[in-house]
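Notes for the structure review
In case you want the letters, here they are:
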Amino acid sequence: MKYTRLTKEQLEELHEEFINFLATQSITGEEWKTLKNEKPEVAEDEIDVFSDLIWEGVLSKVAYLENVSAQQMHLFYCAEKEMKLFSVKVMNPEIDLTSNEGFAWFKKNWQSDFVEYLTASKAYTEDKNLDIFKLIQQGAVITKGGLYQWFESMMATP
């Protein structure tokens, strides 16, 4: 298995897609029930293959990721050949960027001496989707990129 197995809840959400997947494997509903009861390891393998297919589809569409903690933000743009990063570090230990108050403070004080920035870019390894998946495993979430784009526009203006 390349990624992680989908949760029970995710599999339930993708019930119709899973039925279609089984059909492409020439497995009927009755055969699936038999597999689960008589050969659970084969059924588990089918779920793993399906999970990887779903992850591949999702990861291939990811453009932006965010990983926000109390004092730091890592904003990623997944370009075609490389990943770009805006990293923000708040030097005021009383500020928690994950709270509404902390983020409001940041929006007002983003140019203060209490905020440090770093930009970087990194070429992907041979497997772009796996690189993105590893960031998700480390706590990044897929976003529409509003925060990254805001930073990009702020950094571009003199």
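See the structure above.
Report on the accompanying structure. Quantities reported herein were computed from a predicted structural model and do not represent experimental measurements.

Details of the packing of helix α3 (residues 29–38) against helix α4 (residues 40–59)
- Two elements in contact, α3 and α4, have axes whose closest approach is 5 Å; the angle formed by their N-to-C orientations is 120°. In this view, α3 runs oblique relative to α4, as classed from their interaxial angle. Taken together, the residues of α4 that come into contact with α3 (itself represented by Trp32, Leu35, Lys36, Asn37 and Glu38) are Pro40, Val42, Ala43, Glu46 and Ile47.

Some words on the nonpolar core
- Residues Trp32, Leu65 and Ile132 are the most contacted members of the largest nonpolar core, which totals 27 residues.
- Ignoring any residue separated from it by four or fewer positions in sequence, one finds tryptophan 32 in contact with Phe18, Leu22, Ile27, Ala43, Glu46 and Ile47.
- Core analysis: the second largest hydrophobic core is formed by 15 residues, Leu75, Val90, Ile95 and Trp105 among them.

Section: the packing of aromatic side chains
- Within the structure shown, the criterion is met by 17 aromatic pairs.
- Measuring from ring centre to ring centre gives 5.0 Å for phenylalanine 18 and phenylalanine 50, while their planes differ by 70°; the resulting arrangement is edge-to-face. One end of the pair, phenylalanine 18, is in helix α2 (residues 15–24); the other, phenylalanine 50, is in helix α4, with 32 residues separating them in the sequence. As far as burial versus exposure is concerned, phenylalanine 18 and phenylalanine 50 are alike and both buried.
- Summarising the aromatic geometry, the rings of phenylalanine 86 and phenylalanine 151 are spaced 5.8 Å apart at their centres and angled 35° between planes, so their arrangement reads as tilted. Within this pair, whereas phenylalanine 86 is found in strand β3 (residues 82–90), its partner phenylalanine 151 is found in helix α7 (residues 146–156), the two being separated by 65 residues in sequence.
- Using a relative accessible area of 9% as the deciding quantity, one classes phenylalanine 86 as buried.
- In this structure an aromatic cluster arises from ring pairing among Tyr64, Tyr77, Phe86, Phe103, Phe106, Trp110, Tyr117, Tyr148, Trp150 and Phe151.

Rules used throughout
- Residues numbered from 1 in each chain as written.
- Predicted model: local features only at pLDDT ≥ 70, side-chain atom pairs only at ≥ 80, totals over all residues.
- Heavy atoms only, no water.
- Axes fitted to C-alpha atoms, helices over the stretch in contact; angles between N-to-C directions.
- Helix = DSSP H or I, 4+ residues; strand = E, 2+ residues; numbered from the N terminus.
- Parallel < 35°, antiparallel > 145°, perpendicular 65-115°, else oblique.
- Contact = heavy atoms within 4.5 Å.
- Core = buried A, V, L, I, M, F, W, Y, C linked by side-chain atoms within 4.5 Å.
- Buried < 20%, exposed > 50% of the residue type's maximum accessible area, 1.4 Å probe, protein only.
- Phe/Tyr/Trp six-rings, centres within 6.5 Å; stacked < 30°, edge-to-face > 60°.

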